[in-house]
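# Coordinates in review
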Amino acid sequence: MVIPVHDVNPARRTPVVTYALIAVNVFVFLFMPGLSGSVAGDSTLAQTCHLHAFLEHYAAVPRELIHDQLPRLVPTGEVRAGGCALGPPGYDKSPALSVLSAMFLHGGWLHLLGNMLFLLIFGNNIEDRMGHVRFALFYVACGYAASYGFALLNADSADPLIGASGAIAGVLGAYLVLYPKARVWVLVPFLVFLPLRLPAWMVLGFWFALQAVYSSGEGVSDVGTVAYAAHIVGFLAGMLLAWPLKPGTPPPPEPRGLLFGRRARPGW
C-alpha cells in the first residue's frame, strides 16, 4: 500500500469543514470508552464490556439498518460471570442516525490516523471545488451510501460498523474524477520508504483496486473486520456525485523544481 503524504494541488480557500471533521473525529476518539486500555495494550474486562455497550448503542449495525429492528438483548457495559452482561436495551436507537454517529468512531489509533491522513490530503481540494456546505453534505451522503451499501451486502451481520472510511472513500472517488492528473507525493514501502511523485489516477486507482481485491478475501486475513465493500461503495458514490462538477474544473498547476536530481517533465 502506498502512503500519500502531500498533493501538488493548492486550494484557493481554507478547508474549514475538512479541518472541523478531523478535529471532531480526534475529539470523539479521545473520549471513547476503553481508549486508555487499547493504547497500553492491557484493556481490562470492564473496559472491554463498556466499549462493547458503547458501540452497540452508537455504531451502525447492518442487520439493524436493513430490518430497522433492535435486538432484544444488548451488552449493558457490566461484567457478569467472567463475561459481559446482556440485557434489554435501556435506550431508543435510530438505526438511520447511528450511521452518522458511527462515522466519527474509530477502532484504534491506526484506524483514526490513516483515515485522517487521507482526509487531510484529498479533502481540501474537494471542499475548495464544492464549497463548504456542499462538501459537508457530500461527505455525509458518501458515508451513508457506504454504510447502507455494505449493509445490503451483509444484511444479517450483527457486527458494529464504525469509522469514517466510507465517507473518505467518497472524497477519494471525487478527487479521481476532478483532479486525475494532480501529482501526489507518496511513500512506497520497498525495504525502505521510497518517496515518489505519481499522478492521482495511479495512486487512487491502485487504492481502489486493492479494496476490490481485499473485499473478495484475497491477499488479506482480516476481511471480516474491515468493511472493504463499504470503501468500494463510498468511492463509487463519490465519483458519481462529483461527476457533474467535472466540466470546467481547472487543471492543477504543473509542479516546478527538481525531482530526484532532475527537472520534472511535463505530463509525468
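Residues numbered from 1 in each chain as written. Predicted model: local features only at pLDDT ≥ 70, side-chain atom pairs only at ≥ 80, totals over all residues. Heavy atoms only, no water.

### Considering the confidence of the model for the protein chain
Considering every residue of the protein chain, the mean pLDDT works out to 86; 85% of them sit at 70 or more. Here strand β7 (residues 262-263) is the element of the protein chain with the lowest mean pLDDT, 40, and helix α8 (residues 165-178) is the one with the highest, 97. Confidence drops under pLDDT 50 across residues 257-268; counting only partners more than four residues distant or on other chains, this segment forms 19 contacts. (pLDDT = per-residue confidence, 0-100. Helix = DSSP H or I, 4+ residues; strand = E, 2+ residues; numbered from the N terminus. Contact = heavy atoms within 4.5 Å.)

### Thoughts on the sheet that holds strand β1 (residues 3-8)
In space, the three strands of this open sheet follow the order β1-β4-β5, with antiparallel pairing throughout. Each end of this open sheet is capped by a strand with a single partner; those strands are β1 and β5 (192-199). Strand-to-strand twist across the sheet, computed as the mean angle between neighbouring axes with direction ignored, equals 25°. Bridging between strand β4 (residues 183-190) and β5 involves eight bridges; their strand directions are antiparallel. Across the sheet, the residue bridging to valine 188 is leucine 194, located in β5. The strands that helix α6 (residues 109-130) touches are β1 and β4; relative to β1, the one it contacts most, it runs at about 20°. (Pairing = 2+ DSSP bridges. Axes fitted to C-alpha atoms, helices over the stretch in contact; angles between N-to-C directions.)

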